[in-house]
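# Examination of the molecular architecture
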Amino acid sequence: LKTTAMIPKIDAYTHFAAPELMAFLAEQTGAPPFKQLFDKIPLLDCKNSACVESRIEYMKKEGVVGQILIPLPWIEACPTVWSNPSLAARACRIANEAMAKFCSSALTSEGKRCFVGVALIPTVNEKVMMEEYKYAIDVLNLVGSALFVGPDAVPPDDVRFESLYMLSEINSSPIWLHPCRPQSHADYSRYSDNGSMHAIWNSLGWVYDTSVAMVHIALSGVLQRYPKLKIVGHHGGGMIPFFTERFAVQMSNFNSSLEQQKFDDLKRFYVDTATFGYQPMNIRQCLDFFEEGRVLFGTDTPMDMAVPGMFTRTACRSIEDLNLSESERDRIFFRNCLSFLGPRGSVFKNLQSNYGPTFEGDGNDYKNSNKKAKL
């Protein structure tokens, strides 16, 4: 078997914070969200060529030939901007143009592109949201859109998203879900003055918020109406792959067979391998639950600011220790994402050549290995 570093990889869930967006939010609010945190992560905004080179170098160490960039921060973190359609539209336009510029100009030493970007969209109302979506996809050639979900965000089954889901299916432009529960959302009403304590808002709240969003999308029939729509659940789909039996029992107790059919649509989400550390069994749960081809290598890089590169290394080691065949690993690391992106992944199609030939096969290896894992 090839070592993991020899297998080319597309990281389907990484982050980029456009300096231009942060400057705009600072101008509007006086203090942009997460500034202290983001200042600790120079590879997040890549303000200079040295940071770009360092980011690409981290990628090369683990055989990552490309990254999909999810925008930060979400404008819901600035209520005065998000609630104003004009300001929200302006913030997203600034973020998306900066994202497109970065992706086209941040090149490898061989002069190749290795980044593709995802659009930030203003969810304050359908009109401004769809105007920015169309501009980002049709003009800027971003590959999809990010939808931020949480207790204070617009519910993902709100009617305003119907056009987004419809056009995303037509355009084959995926949607990346990202939780956005704020620290100010208290764990208990009695502690409302303190907000969330012990980092619960992030460590537990975010995986819960992703799970809630996925259930609302599935059970509202979104994937019944748009069966080819591609949606990525962050952090391995949160709690979804771990509580299927509990869900099944409660669905049979309280809901109709039609609801059960919609519940089965949860298996059609795509998910990443961003488990925040060495967690091979978490990834195994994802492989066992979600449909074939739905697990994408994704790490949440560069949010591992305490130990830069740790998320990529531990995700690779987690997959390595599942004892998968070379073809199975190749699908998780690379080919599932190529299939997921379709024509929008053309930037990545020839990048694996730098790492030697990858598995093509005649299908028999995959058919046999599929008895162990659904990739």
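Residues numbered from 1 in each chain as written. Predicted model: local features only at pLDDT ≥ 70, side-chain atom pairs only at ≥ 80, totals over all residues. Heavy atoms only, no water.

## Digging into the sheet that holds strand β4 (residues 144-149)
We apply this condition: Being paired, for any two strands, means DSSP has found at least two bridges between them. Helix and strand assignments follow DSSP, with helices taken as H or I runs no shorter than four residues and strands as E runs no shorter than two, numbered in order from the N terminus. Here a residue-residue contact requires only that any non-hydrogen atoms of the pair lie within 4.5 Å. Axis angles are defined between N-to-C directions and span 0 to 180 degrees, where every axis is a line fitted to C-alpha atoms and, for a helix, only to the segment in contact.
Strand order across the open sheet formed by eight strands is β1-β2-β3-β4-β5-β6-β7-β8, with parallel pairing between neighbours. What marks the edges here is a single partner per strand, and that holds for β1 (9-17) and β8 (295-296). The pairing of β1 with strand β2 (residues 64-72) spans seven bridges and is parallel. Paired with K9 across the two strands is V64, which belongs to β2. Strands in contact with helix α4 (residues 49-61) are β1, β2 and β3 (115-120); relative to β2, the strand with the most contacts, it is inclined by about 130°.

## So, the packing of aromatic side chains
Going by this rule: Between 30 and 60 degrees the pair is tilted, below 30 it is stacked and above 60 it is edge-to-face, where a pair is any two Phe, Tyr or Trp rings, Trp via its six-membered ring, whose centres lie within 6.5 Å. Type-normalised accessible area, obtained with a 1.4 Å probe on protein chains alone, sets the label of each residue: buried when under 20%, exposed when over 50%, and partly exposed for intermediate values. Geometrically, a lysine NZ or arginine CZ counts as sitting over a ring once it is within 6 Å of the ring centre and also within 35 degrees of the ring normal.
Going through the model one piece at a time under the given rule, you end up with 14 aromatic pairs. Consider the rings of W176 and F340, whose centres lie 5.6 Å apart with planes at 85°: the pair is edge-to-face. Taken together, the residues W176 in strand β5 (residues 175-179) and F340 in helix α17 (residues 326-341) connect sequence positions 164 residues apart. Taking relative accessible area as the criterion, F340 reaches 1% and is therefore assigned buried. Linked through ring pairs, F34, F38, W74, F148, W201 and W206 together constitute an aromatic cluster. If you follow K9 out to its NZ or CZ, it ends over the ring of F333, 5.0 Å from the centre. The ring of Y135 has R93 lying over it, and the distance from NZ or CZ to the ring centre is 3.6 Å.

## Describing the nonpolar core
One recurring pattern in soluble globular proteins: nonpolar side chains tend to sit buried together. Condition: In plain words, nonpolar cores are sets of buried Ala, Val, Leu, Ile, Met, Phe, Trp, Tyr and Cys residues tied together by side-chain atoms within 4.5 Å.
Residues I68, F115, Y165, W176, L177, L266 and F269 are the most contacted members of the largest nonpolar core, which totals 117 residues. Take this core: its biggest share by element is 10 residues, from helix α6 (residues 85-105).

## Section: helix α16 (residues 310-320)
The complete set of buried residues in α16 reads F311, T312, T314, A315, C316, S318 and I319. The elements touched by buried residues of α16 are β1, β2, α15 (280-289) and α17.

## Points about unusual backbone geometry
Residues L72 and P73 are joined by a peptide bond in cis, for which omega reads -10°. Here P73 is to be found in the loop between β2 and α5 (79-82). Following T301, the chain continues to P302 via a peptide bond in cis, the omega torsion being 0°. Positionally, P302 belongs in the loop between β8 and α16. With phi around 65°, F34 is a residue other than glycine that occupies positive phi space. The residue F34 is located in the loop between α1 (19-29) and α2 (35-39) in this model. Positive phi values are uncommon outside glycine, yet H235 reaches one of about 50°. With respect to the helices and strands, the residue H235 is situated in helix α12 (residues 234-237).

## Comments concerning the pattern of salt bridges
One side chain can pair with another of opposite charge once the charged atoms of both are near each other. Rules: Each reported salt bridge corresponds to a side-chain nitrogen of Lys or Arg within 4 Å of a carboxyl oxygen of Asp or Glu.
Enumeration according to the criterion identifies 13 salt bridges in this entry. The shortest N-O distance in the salt bridge between E110 and K60 comes to 3.7 Å. Here the residue E110 occupies a position in the loop between α6 and β3, and K60 occupies one in helix α4, the gap between them amounting to 50 residues. With its nearest N and O atoms 2.8 Å apart, the salt bridge here joins R335 to D330.

## Observations regarding empty space enclosed by the protein
Note the cut-off: Only protein atoms enter the 1 Å grid, on which a cavity is a set of points fitting a 1.4 Å probe that cannot get out and a pocket is an open set with protein on both sides within 12 Å along at least 5 of 7 lines, lining residues being those with an atom within 4 Å of a point. Grid points are joined across faces, edges and corners, and a volume is the space filled by probe spheres set on the points. By the convention adopted, Pro, Cys, Tyr, Trp, Phe, Met, Ile, Leu, Val and Ala count as nonpolar, Lys, Arg, Asp and Glu as charged, and the other residues, Gly among them, as polar.
According to the stated counting rule, one finds one cavity of 30 Å³ or more in the structure shown. Estimated volume of the largest cavity: approximately 40 Å³. Along the walls of the largest cavity sit T273, A274, T275, F276, G277, T299, F311, T314 and A315, which together make up its complete lining. Counted by class, the lining of the largest cavity contains four nonpolar, five polar and no charged residues.

## Some remarks on the state of the cysteines
Put simply, the rule is: Here, the term disulfide refers to a pair of cysteine sulfur atoms separated by no more than 2.5 Å.
This model, assessed by the stated rule, comprises zero disulfides. For the unlinked cysteine C92, the closest cysteine sulfur is that of C78, found at 11 Å. Note on C92: relative accessible area 0%, which makes it buried.

## Considering the environment of C337
Relative to the helices and strands, C337 is located in helix α17. With a relative accessible area of 1%, C337 lands in the buried category. The spacing of C337 and H178 is 159 residues in sequence and 18 Å in space, taken between C-alpha atoms. Once residues within four sequence positions are removed from consideration, C337 is found in contact with I10, A12, I68 and L296.

## Some details on the side chain of D272
Which entries qualify depends on this criterion: Charged residues are defined narrowly, with Lys and Arg counted positive, Asp and Glu counted negative, and His plus the chain ends left uncounted. Contacts described as polar in this section are N or O atom pairs within 3.5 Å, which, within protein, must combine one atom able to donate a hydrogen with one able to accept it, while residues neighboring in sequence count only if both atoms come from side chains.
Looking at the element boundaries, D272 is found in strand β7 (residues 270-272). It turns out D272 is buried and unbridged, and the closest side chain with the opposite charge, R55, is 13 Å from it. Engagement of the side chain of D272 in a polar contact is seen with the backbone nitrogen of A274, the distance being 3.1 Å. Setting aside anything within four residues of it in sequence, one finds D272 in contact with Y13, V232, G233, H234, H235, G236, L296 and G298.

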